[in-house]
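# Tertiary structure, described
Chain by chain, the residues run as shown.
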Amino acid sequence: MDKKKEVDDMEPGPALSRSLDRVGFIKTEQSNSPEGTLKSRPAHECGREERRIRKWRKMIGAGGSDWKHYVRRNPHVVKRRIRKGIPDCLRGLVWQLISGSRDLLLMNPGVYETLVIYETSTSELEIIRDISRTFPSHIFFQQRHGTGQRSLYNVLKAYSVYDRDVGYVQGMGFIAGLLLLYMSEEDAFWLIVALLKGAVHAPMEGLYQSMKVVFQVGLALLRFCHDDLVKLPFEELLHSLRNFPDEATDPDTLLPLALSFKVMNCL
C-alpha cells in the first residue's frame, strides 16, 4: 500500500506559465504578442482548411455512414487525402473508421466497462508509475487524479487485462494519451485493440519490437538528401541530419521511396 501511494503521488511540478500552444502543451516562456500563443492564421489558409473539412465530411457522411462505400469506390482519393492530412476536427472519427475500431466497439457492448470496473491488472503499479510521465507538459494530463490521468489509467489498465499476452508496455501511454485528446476512453481503448490485434488492417503487435519502418524512412531521407549531405563538412553534418528540408519530408515523396527499400528484421 505504501509503495503504491508513493508511486501514485509522483507528479510533475507546477508549470511556470499557463500559456498554451495550439494543441494544449504548456509553454514555459511568456509570449510577447498581445494575442498570446494562439495566433490567427491568414484568411486564405482558413478558407483552404474549411474546403478540406467539407470534402472530408462529404466523404465520411454523418457519423461515418458513407465511409465504407466511399472507400470501396474511391480508394485512391482516400489515400491521397489521408497523406495530405486529416483535418484536426475530424481525426478522432476518421481514425476509428480507418482502423475498424468503431465496428469493434459496436460488436462488444459493455466489454470496456467490465474491464475497467471488475477486472484486476497485474500491471497496475507500472501503469500508475508511468501516468505522470505521459505528456507531463500537456494541460489535459497535468492534474494528479484529474480527468486526463484517470482516463489514461483506465484505458491502459483495460488493455492490459484484455490482451494479457502483451499486457502493458512502457510507452503505450503516449499512444493512448494521444487518442484521448481526440476521443472518449472507450473509443481510445478499441482503437488500440484494432491497431495491435488487427481489425481492418494487419495486427501491429510487433510495434514495440520491430524498427523496420523507422529504418526504411531513415534510408529514404538519406537517399533523398544524398547529393547535399556528401558535400557538407563533418561538423555541419549532424545539424543537417536534424533539419531535413520540407520537400524531403513530404509524404507523397518520402513514403513511396521508403517502401522501396527492403529491410530485414534483425531484432
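Note: the structure precedes this text.
Here the structure is a predicted model, which is why all the values come from computation and not from measurement.

Analysis parameters
Residues numbered from 1 in each chain as written. Predicted model: local features only at pLDDT ≥ 70, side-chain atom pairs only at ≥ 80, totals over all residues. Heavy atoms only, no water. Helix = DSSP H or I, 4+ residues; strand = E, 2+ residues; numbered from the N terminus. Buried < 20%, exposed > 50% of the residue type's maximum accessible area, 1.4 Å probe, protein only. Contact = heavy atoms within 4.5 Å. Areas by Shrake-Rupley, 256 points an atom, 1.4 Å probe, with all protein chains shown as cover. Axes fitted to C-alpha atoms, helices over the stretch in contact; angles between N-to-C directions. Parallel < 35°, antiparallel > 145°, perpendicular 65-115°, else oblique. Left-handed = near helix turned anticlockwise from the far one by under 90°. Nonpolar A, V, L, I, M, F, W, Y, C, P; charged D, E, K, R; others polar. Salt bridge = Lys/Arg side-chain N within 4 Å of Asp/Glu carboxyl O. Phe/Tyr/Trp six-rings, centres within 6.5 Å; stacked < 30°, edge-to-face > 60°. Core = buried A, V, L, I, M, F, W, Y, C linked by side-chain atoms within 4.5 Å.

## Focus: the overall build of the protein chain
- Secondary structure summary: the protein chain contains 15 helices and zero strands in total.
- In the protein chain, buried positions account for 33% of the 267 residues.
- Within the protein chain, counting contacts between residues at least 6 apart in sequence, those at least 24 apart form 67% of the total.
- About 17,100 Å² of surface is accessible on the protein chain, with carbon and sulfur atoms providing 56% of the total.

## Section: the packing of helix 8 (residues 124-131) against helix 9 (residues 147-162)
- The interhelical angle for the contact between helix 8 and helix 9, taken along N-to-C directions, is 150 degrees, at an axis separation of 10 Å. Classified by the interaxial angle, the pair formed by helix 8 and helix 9 is roughly antiparallel. Between helix 8 and helix 9 the crossing geometry is right-handed. Every residue of helix 9 that contacts helix 8 at E124, I127, I128 and I131 is listed here: Q149, L152, Y153, L156, K157 and S160.
- Of the residues in the contact of helix 8 with helix 9, the class split is six nonpolar, two polar and two charged.

## Examining the side chain of D130
- Tracing the backbone shows D130 in helix 8.
- With sequence-adjacent residues up to four places away left out, D130 is seen in contact with Y168 and Q170.

## Regarding the pattern of salt bridges
- Applying the stated criterion to the full structure yields seven salt bridges.
- With a closest N to O distance of 3.1 Å, D130 and R129 form a salt bridge.
- It is possible to trace a salt-bridge network through shared partners that takes in R129, D130 and R133.

## Let's talk about the packing of aromatic side chains
- Going through the model one piece at a time under the given rule, you end up with ten aromatic pairs.
- Ring centres of Y112 and F189 lie 5.3 Å apart, and the angle between their planes is 45 degrees; on these two criteria the pair is classed as tilted. On the criterion of sequence distance, the pair formed by Y112 in helix 7 (residues 111-118) and F189 in helix 11 (residues 185-197) is long-range, its members being 77 residues apart.
- Given a relative accessible area of 6%, Y112 falls into the buried group.
- By the ring-pair criterion, three or more aromatic residues cluster together here, those being Y112, Y159, Y162, F189 and W190.

## Quick word on the nonpolar core
- Ranked by size, the top nonpolar core spans 31 residues in total, and within it V155, L156 and F189 carry the most contacts.
- Contributing elements (two or more residues each) for this core: helix 6 (101-107), helix 7, helix 8, helix 9, helix 10 (172-180) and helix 11.
- The element best represented in this core is helix 11, accounting for eight residues.
- Once you skip the residues sitting within four places of it in the chain, L156 turns out to touch I127, I131, Y168, M172, G173 and A176.

## Focus: the packing of helix 7 against helix 11
- It is the contact of helix 7 with helix 11, at a shortest axis distance of 10 Å, that shows an interaxial angle of 100 degrees. Relative to helix 11, helix 7 is oriented roughly perpendicular. Every residue of helix 11 that contacts helix 7 at V111, Y112 and L115 is listed here: E185, E186, F189 and W190.
- Grouping the constituent residues of the contact of helix 7 with helix 11 by class yields five nonpolar, no polar and two charged.

Structural measurements only, silent on function.
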